[in-house]
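Below are the chains, spelled out letter by letter.
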There are 2 protein chains.
Amino acid sequence: KSQFSLLPIISFLREKKNKHDMRKWIHSIKVGVALVLVSLLYFLDPLYKEVGDGNAMWAIMTVVVIFEFYAGATLGKGLNRGMGTILGGGLGCLTATLAQEVGGIGKSIIVGTSMLIFGGAATYCRLTPSIKIRYDYGAMIFILTFSLVAVSGLRIDKVIDIGRERLLMIVLGFVICLFTSLFIFPIWASDELHDSTISKFDALATSIQGCLEEYFRLDSEKESKPIASFSKCKAVLNSKSKDESLANFARWEPWHGKFGLSHPWEKYLKIGEELRELAATILSLKACLESPRVRLQTLRQSIKEPCEVVGSSLASTLRELGESIKKMRKCQAEILIVPKLKSVRIELSNVTSPSKLAQLENADGLAI
Amino acid sequence: KSQFSLLPIISFLREKKNKHDMRKWIHSIKVGVALVLVSLLYFLDPLYKEVGDGNAMWAIMTVVVIFEFYAGATLGKGLNRGMGTILGGGLGCLTATLAQEVGGIGKSIIVGTSMLIFGGAATYCRLTPSIKIRYDYGAMIFILTFSLVAVSGLRIDKVIDIGRERLLMIVLGFVICLFTSLFIFPIWASDELHDSTISKFDALATSIQGCLEEYFRLDSEKESKPIASFSKCKAVLNSKSKDESLANFARWEPWHGKFGLSHPWEKYLKIGEELRELAATILSLKACLESPRVRLQTLRQSIKEPCEVVGSSLASTLRELGESIKKMRKCQAEILIVPKLKSVRIELSNVTSPSKLAQLENADGLAI
């Protein structure tokens, strides 16, 4: 029967994998399309003559560098690039003008010193975690533009001329990116974060049931099957950095589908944190499952029934919570689930003194 | 007394933080210096006339984009950039020549189609995890160079001319980066990975002792202090992605200090994995510490002594293992530690039936 219950999971995973693979193909084709669109600049002669060879390059560069897998990441990178270019260009322009005014050897000294100071300061900012997470790319573009403009040593009117054209090209590249990213089969980081949070609940529920099944299996059957339920648990445990970057991208994303403009993304991170703690607890049962337990056979059988009740009610609670996030409706936790869990807990502490299960139950109480 | 034992840890952490901050400053100044060095290209007139304005730009761009915090990251990015430029330039050149041969409207079609195909294929490669982890940047530069060269539609001799100059500039920027990154206060990813692995052992040992202290404290004192030992444990638990990127950078790094050319970095990842599992086990004790346990007061006191023996021997084992990695000598595990742990385990199972501590002990057996 347990073999049977695994089949839908496997087919679900395969479908999921295919879906992910499908998205990869879609993204690849979208990048290709964006490149073709931007190369039209070259092919349509009048436009090409307007912008010139050296500047049209910037549009291609923008498309290649900015286009990311998730729509939010593309949007964030594009805005960063724009801000960095404008700030860096402005400051570089000032420096160049000042250097021209001084002239002679002082010119090189002023430019060099300002590059040392601004380049160093911006690099230090890039290493500060709070800035790094959202504005890393913008700071890099700031350093790049500042250096290029300051060093070229052009007069302010010339710089404004070139700068306007380049900025136009960058904006053009950005618009092409946005168009392909947001309007042709968009891949939203917010959807991904939402779905992965839901699937975490499911994975943990499956793990708990798998653990119990493993634990109460008769010793004779023990060698027949490996412990399979921990890989999902570990995946949940290691999801922190991925969740954080998804939440960060999701913040850049505009209103779409079921997500409003100020969707509480930081709450997903909090839920993830709790789920990771629960995953740690479940993972710690692994050692328990692997330890020799022949002499405990009778004890084990005596607690089997209440434990299975606890396990299945925990699993169904987790699935219920996941479902309520999926449907975005308030969970009936306080009215229905909490009393149920409490009664189960009391029942459990009657049968067994401080054992691993008390722990498990407890941690789940926290997760709610 | 426990207050006293915390002081050196705090001062150690502060020192560590300052050390990290110090490294940030060093890196920032190094970036500034590299920028000044590359801007000398502009200031020293003969060189500037040689390379021309449009091409000298590429040297600055290379420095800004390639210079990373760790020496290995800089080296890896630089090599990626070189490979991507050569490959993309070559293929772009072929495409452009082919398109010229055909001419007319066919030219645009050939360039457009090849951009769609190669851009899409390279993007798909970037999304494949095994390529992404090492060659993501190279693939991006490949797309960029390919698009720029293919679209510019220049004849092969002209492209080789421009390409040679640009490649020279990129190499120049790369050399400046390497010089400042490797020879002026280098920041090695390998050192960081080595040190962080060692400090993980220490953090877990401290956590185990903290847990035991907390557990056996009298209930009257309970409210006086918060549970502090879990933050380190969580940091260990969430170290996976950082470890992986460090190991990836470390692989690029040349022979230096105590690390040979083929230092087994993947073993650090394996050790990290085991330590994370142990951290998960320790973290699962948190729920146990937070649960009400008034009625167990007497039971607790009866197992206090053996548990403390176990705890301190686990902690000292962990510290011993960390020390042996630090000094890079073979640990005397099989002769000294394993028998000690085994005897402790037997003693423990005599006092207490399957409780949390059996679990803890077990997981540590795995970690060795």
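Residues numbered from 1 in each chain as written. Chains lettered and ligands numbered in written order. Predicted model: local features only at pLDDT ≥ 70, side-chain atom pairs only at ≥ 80, totals over all residues. Heavy atoms only, no water.

### Thoughts on the overall build of chain A
Point 1. Within chain A, the secondary structure is distributed over 14 helices and zero strands.
Point 2. Look at the contacts in chain A between residues 6 or more apart in sequence, and 80% of them connect residues 24 or more apart.
Point 3. With the model as given, the accessible surface of chain A reaches about 17800 Å², and the carbon-plus-sulfur share is 65%. (Helix = DSSP H or I, 4+ residues; strand = E, 2+ residues; numbered from the N terminus. Contact = heavy atoms within 4.5 Å. Areas by Shrake-Rupley, 256 points an atom, 1.4 Å probe, with all protein chains shown as cover.)

### Quick notes on a nonpolar patch on the surface
Point 1. Taken together, the side chains of A:Leu37, A:Leu40, A:Leu44, A:Phe179 and A:Phe183 present a nonpolar region at the surface, about 480 Å² in accessible area.
Point 2. Of note, A:Leu40 is situated in helix H1 (residues 2-43). (Patch = residues over 30% accessible without salt bridge, like charges linked within 9 Å, V, L, I, M, F, W, Y side chains within 5 Å. Salt bridge = Lys/Arg side-chain N within 4 Å of Asp/Glu carboxyl O.)

### Things to note about the environment of B:Glu305
Point 1. Structurally, the position occupied by B:Glu305 is in helix H12 (residues 297-326).
Point 2. In this structure, the C-alpha to C-alpha distance between B:Glu305 and B:Phe216, residues 89 residues apart in sequence, is 9.8 Å.

### Some points on unusual backbone geometry
Point 1. Positive phi values are uncommon outside glycine, yet A:Phe185 reaches one of about 40°.
Point 2. Under the relative-accessibility criterion, A:Phe185 is labelled exposed at 60%. (Buried < 20%, exposed > 50% of the residue type's maximum accessible area, 1.4 Å probe, protein only.)

### Focus: the packing of helix H4 (residues 71-102) of chain A against helix H5 (residues 104-127) of chain A
All names here are of chain A.
Point 1. Their axes nearest at 7 Å, the elements H4 and H5 cross at an angle of 155°. On the basis of their axis angle, the class for H4 and H5 is roughly antiparallel. Crossing angle aside, the handedness with which H4 passes H5 is right-handed. Where H4 approaches H5, its residues Leu91, Thr95, Leu98, Ala99, Gln100 and Val102 are matched on the opposing element by Gly104, Gly106, Lys107, Ile110, Val111, Ser114 and Phe118. (Axes fitted to C-alpha atoms, helices over the stretch in contact; angles between N-to-C directions. Parallel < 35°, antiparallel > 145°, perpendicular 65-115°, else oblique. Left-handed = near helix turned anticlockwise from the far one by under 90°.)

### A short note on H5(A)
Quick reminder: α-helices carry 3.6 residues per turn. Residues three or four places apart thus point the same way.
Point 1. For H5(A), which comprises 24 residues, the first-to-last C-alpha distance of 36 Å matches the rise-based estimate of 34 Å (1.5 Å per residue) to within 8%.
Point 2. A:Gly106, A:Val111, A:Gly112, A:Ser114, A:Met115, A:Gly119, A:Gly120, A:Ala122, A:Thr123, A:Tyr124, A:Arg126 and A:Leu127 are the residues of H5(A) that are buried. (Expected span 1.5 Å × (residues − 1).)

### Comments concerning a negative patch on the surface
Point 1. A cluster of acidic side chains, namely A:Glu213, A:Glu305, A:Glu308 and A:Glu347, defines a negative patch on the protein surface.
Point 2. With respect to the helices and strands, A:Glu213 occurs in helix H8 (residues 189-216). (Lys, Arg positive; Asp, Glu negative; His and termini not counted. Charge placed at Lys NZ, Arg CZ, Asp CG, Glu CD.)

### A closer look at the packing of helix H5 (residues 104-127) of chain B against helix H6 (residues 129-152) of chain B
For any two helices packed against each other, one specifies the inter-axial angle together with the distance between the axes.
Residue and element names in this part refer to chain B.
Point 1. Contact geometry for H5 and H6: axes closest at 7 Å, N-to-C directions at 165°. On the basis of their axis angle, the class for H5 and H6 is roughly antiparallel. Crossing of H5 against H6: the hand is left-handed. Across the interface between the two elements, Val111, Ser114, Met115, Phe118, Gly119, Ala122, Thr123, Cys125, Arg126 and Leu127 from H5 touch Pro129, Ile131, Lys132, Asp136, Ala139, Met140, Phe142, Ile143, Phe146, Ser147, Ala150 and Val151 from H6.
Point 2. Grouping the amino acids of the contact of H5 with H6 by side-chain chemistry returns 15 nonpolar, four polar and three charged. (Nonpolar A, V, L, I, M, F, W, Y, C, P; charged D, E, K, R; others polar.)

### Comments concerning the packing of aromatic side chains
For any pair of aromatic rings, the description consists of the separation of the ring centres together with the inter-plane angle of the planes.
Point 1. Tallying each qualifying case throughout the model produces 18 aromatic pairs over all chains.
Point 2. Here A:Trp265 and A:Tyr268 contribute two aromatic rings whose centre-to-centre distance is 5.2 Å and whose plane-to-plane angle is 35°, an arrangement assigned as tilted. Taken together, the positions of A:Trp265 and A:Tyr268, both in helix H11 (residues 265-290) and three residues apart, correspond to about one turn of that helix. With respect to burial, A:Trp265 and A:Tyr268 carry one shared label: buried.
Point 3. Site record: aromatic cluster; members linked through ring pairs are A:Phe69, A:Tyr70 and A:Phe249.
Point 4. Residue placement shows A:Lys24 over the ring face of B:Tyr124; its charged tip is 5.9 Å from the ring centre. (Phe/Tyr/Trp six-rings, centres within 6.5 Å; stacked < 30°, edge-to-face > 60°. Lys NZ or Arg CZ within 6 Å of the ring centre and 35° of its normal.)

### Digging into the nonpolar core
The tendency in soluble globular proteins is for nonpolar side chains to be buried side by side.
Point 1. Of all hydrophobic cores here, the largest spans 84 residues; its most connected members are A:Trp58, A:Met61, B:Trp58 and B:Met61.
Point 2. If we skip the residues at most four places from it in the chain, B:Trp58 touches A:Met57, A:Met61, B:Arg81, B:Leu148, B:Arg166, B:Met169 and B:Ile170.
Point 3. Judged by nonpolar contacts, the second largest core, of 66 residues, contains A:Leu204, A:Ile337, A:Leu341 and B:Ile208. (Core = buried A, V, L, I, M, F, W, Y, C linked by side-chain atoms within 4.5 Å.)

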